[in-house]
Each structure stands twice: as C-alpha cells, then as structure tokens.
Amino acid sequence: MTVIIYHNPKCGTSRNTLALIRNAGIEPKVVEYLTAPPDRATLTSLIARAGLSVREALREKGTPYAELGLGDTSLTDEQLLDAMLAHPILINRPFVDTPKGARLCRPSELVIDLLPEPQKGPFAKEDGEVVIDEAGKRLL
C-alpha cells in the first residue's frame, strides 16, 4: 500500500499532515513538490480525484499568483496548469494520495479519513491543538 504526500517542509500544515500519516504507522513516499513537481498528468489526476477545480488547487498566498494575473477568470484550466507546472509554489499543499483517494489536506486532519490504518497514539499539531486523544479518539 502506497501513501504519497506532496510535501513542503516549510509549511506547518504539510508537516502536521506528514506527522499524522506517520502517527498511523505509515511511512509515506514524500515528494517535495517544489523541487520534484508532479507531471501534468499526475497533477491533473490529483486535482480531479480530490474533487477540486484547477482554480481551487491554486495557492495565492506567498506565490506569484497576482504577478502572473492568475485571478483572471478567463484563463483556462490548461493555462492554470501551465502556470502551476512552471511555478510549483502555486500548487496548494499538501496533497495526499492513497488507495482510498486523493485530497488536499487543509486542514491537516483531513488526511485521517484517507488512511487505511487508524492513529496509533495521541497527536497534537505543532501549535498544540490536540487532534487525537490518549485513547486514539479523533477530536477534530
């Protein structure tokens, strides 16, 4: 069973998502998408399987979104994908792909529903917010 996370180690949400995957006893394939972006087919598939539009998968904050004029609603999905592939920072994160589906895991606890294994112990996000209690029960 393969779990893949498209990860940015500088992103707290991405780090929390990765930690939740590992808390389930799963060592995922970690793809640091800023240095190894997915190809067009993979990105298109991830977005579709996550139930998102291409525009919904775009990240605006901390990216060249505005400078590239990506708010223009006349741009096609193909044009938006071109921008995401040319500037991987525009790909929202973290995407997680498992045999149970694909999802943009914002907030990070959305990953729990995708995992084939339950959480193995308590878990708190980096900010201290408790997600899984001592009994392994999901709180969020």
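I will try to describe carefully the structure that is included in this document. (Residues numbered from 1 in each chain as written. Predicted model: local features only at pLDDT ≥ 70, side-chain atom pairs only at ≥ 80, totals over all residues. Heavy atoms only, no water.)

Let's talk about the state of the cysteines
Here comes step 1: Counting across every chain of the model gives zero disulfides.
Here comes step 2: Considering cysteine sulfurs only, Cys 105 is the nearest to Cys 11, which forms no disulfide, with 11 Å between them.
Here comes step 3: The class of Cys 11 is buried, set by a relative accessible area of 6%.
Here comes step 4: What makes Cys 105 buried here is its relative accessible area of 0%. (Disulfide = S-S within 2.5 Å. Buried < 20%, exposed > 50% of the residue type's maximum accessible area, 1.4 Å probe, protein only.)

Looking at the sheet that holds strand 3 (residues 95-98)
Backbone hydrogen bonds are what pair the strands of a sheet, in a parallel or an antiparallel way.
Here comes step 1: The strand order 2-1-3-4 describes an open sheet built from four strands, whose pairing is mixed. At either end of the open sheet lies a strand with only one pairing partner, and these are strand 2 (29-32) and strand 4 (101-104). Across the sheet, the mean angle separating the axes of adjacent strands is 15 degrees when strand polarity is ignored.
Here comes step 2: Sheet strands touched by helix 1 (residues 12-23): strand 1 (4-7), strand 2 and strand 3. Its angle to strand 1, the strand with the most contacts, is close to 160 degrees.
Here comes step 3: Along the sheet, helix 2 (residues 40-49) makes contact with strand 1, strand 3 and strand 4, crossing strand 3 at roughly 85 degrees. (Pairing = 2+ DSSP bridges. Helix = DSSP H or I, 4+ residues; strand = E, 2+ residues; numbered from the N terminus. Axes fitted to C-alpha atoms, helices over the stretch in contact; angles between N-to-C directions. Contact = heavy atoms within 4.5 Å.)

Brief notes about the pattern of salt bridges
Here comes step 1: The final tally for this structure, using the stated rule, is 10 salt bridges.
Here comes step 2: Here Arg 103 makes a salt bridge to Asp 113, at a shortest N to O gap of 3.7 Å. Taken as a pair, Arg 103 in strand 4 and Asp 113 in the loop between strand 4 and strand 5 (123-124) lie far apart in primary sequence, 10 residues in all.
Here comes step 3: Since its relative accessible area comes to 27%, Arg 103 is described here as partly exposed.
Here comes step 4: Salt bridges sharing common partners tie together Arg 40, Glu 78 and Asp 82. (Salt bridge = Lys/Arg side-chain N within 4 Å of Asp/Glu carboxyl O.)

As for helix 2
Here comes step 1: Among the residues of helix 2, Leu 43, Leu 46 and Ile 47 are the ones counted as buried. Down the axis of helix 2, the buried side of the element spans an arc of 95 degrees, and every buried residue falls inside it. In helix 2, those exposed residues whose orientation departs by more than 90 degrees from the buried face are Ala 41 and Ala 48.
Here comes step 2: Where the residues of helix 2 are buried, they touch strand 1, helix 3 (77-86), strand 3 and strand 4.
Here comes step 3: The first or second residue beyond helix 2 is Gly 51, which carries a positive phi of 75 degrees. (Arc of directions from axis to C-beta.)

A look at a nonpolar patch on the surface
Here comes step 1: A cluster of nonpolar side chains, contributed by Val 130, Leu 139 and Leu 140, occupies part of the molecular surface with about 240 Å² of accessible area.
Here comes step 2: Within the secondary structure, Val 130 is located in strand 6 (residues 130-132).
Here comes step 3: Its relative accessible area of 40% is what places Val 130 among the partly exposed residues. (Patch = residues over 30% accessible without salt bridge, like charges linked within 9 Å, V, L, I, M, F, W, Y side chains within 5 Å. Areas by Shrake-Rupley, 256 points an atom, 1.4 Å probe, with all protein chains shown as cover.)

Quick look at the environment of Thr 17
Here comes step 1: Relative to the helices and strands, Thr 17 resides in helix 1.
Here comes step 2: Relative accessible area serves as the criterion here: at 0%, Thr 17 is assigned to the buried category.
Here comes step 3: Those residues in contact with Thr 17, other than ones at most four positions away along the chain, are Ile 5, Pro 94, Val 96, Cys 105, Ser 108 and Val 111.

Side note on the pairing of strand 2
Here comes step 1: Taken together, the four bridges between strand 1 and strand 2 define a ladder with parallel strand orientation. Looking across to strand 2, one finds that Ile 4 is bridged to Lys 29.
Here comes step 2: Handedness of the crossover joining strand 1 and strand 2 through helix 1: right-handed. (Right-handed = clockwise from strand over helix to strand, strands pointing away.)

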